[in-house]
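# Summary of structural features
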Amino acid sequence: RPVGTLEAHTNGFRFLVKGSTEKIDVLYSQVRHAIFQPCERNSLTVLLHLHLHEPIAAGKRKTQDLQFFTEVGVQVEDLSQRKSGSAFDPDEILEEQNQRQMKERL
């Protein structure tokens, strides 16, 4: 599962693999079904699944299904590392605000 950036253009999607020159281009006309799952209250993941008319080369394999996802916030919190702070800790408040803003944007 390569890490990278997904861009939406006027004629299709482009996925750029981080740290590589590899890119995957998918034209909208190649997409048979697209499923978008937005970030919900109990989930911190945004998901886009594309089912294509014809298989395309993604990496070293041919595939007819592509799936892209991103995590909006941290899903796991290590309680052993947690310092005993108050509910008014400015760092915690800032982190919660950033997570809320990210959820709203996605």
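Residues numbered from 1 in each chain as written. Predicted model: local features only at pLDDT ≥ 70, side-chain atom pairs only at ≥ 80, totals over all residues. Heavy atoms only, no water.

We now examine the confidence of the model for the protein. The predicted coordinates ought not to be read in detail in places where the model reports low pLDDT. When the pLDDT values of the protein are averaged, the result is 82; 82% of them are 70 or greater. The least confident element of the protein is helix H1 (residues 90–105), whose mean pLDDT is 76; the most confident is strand S4 (residues 31–37), at 93. (pLDDT = per-residue confidence, 0-100. Helix = DSSP H or I, 4+ residues; strand = E, 2+ residues; numbered from the N terminus.)

This part takes up the layout of surface pockets. To find leftover empty space, one rolls a probe the size of a water molecule over the atoms. Of the volumes computed, that of the largest pocket is approximately 780 Å³. In terms of lining residues, the largest pocket is bounded by 22 residues, among which Pro2, Phe15, Gln67, Phe68 and Phe69 are the most central. Those elements that place two or more of their residues in the lining of the largest pocket are strand S1 (4–8), strand S2 (12–17), strand S5 (45–58) and strand S6 (61–71). With 5 residues, S6 is the largest single contributor of residues to the lining of the largest pocket. (1 Å grid on protein atoms, 1.4 Å probe; cavity = no way out; pocket = protein on both sides within 12 Å on 5 of 7 lines; lining within 4 Å. Points joined across faces, edges and corners; volume = space filled by probe spheres on them.)

All right, on to the sheet that holds S1 then. Pairing is antiparallel across the open sheet formed by 3 strands, whose spatial order is S1-S2-S3. With partners counted over all chains shown, the strands left at the sheet margins are S1 and strand S3 (23–27), one partner each. Here the strands of the sheet are splayed against their neighbours by 15° on average, with no regard to which way each runs. Bridge count for S2 against S3 is 5 bridges, and the pairing is antiparallel. What sits directly across from Arg14, in S3, is Asp25. (Pairing = 2+ DSSP bridges. Axes fitted to C-alpha atoms, helices over the stretch in contact; angles between N-to-C directions.)

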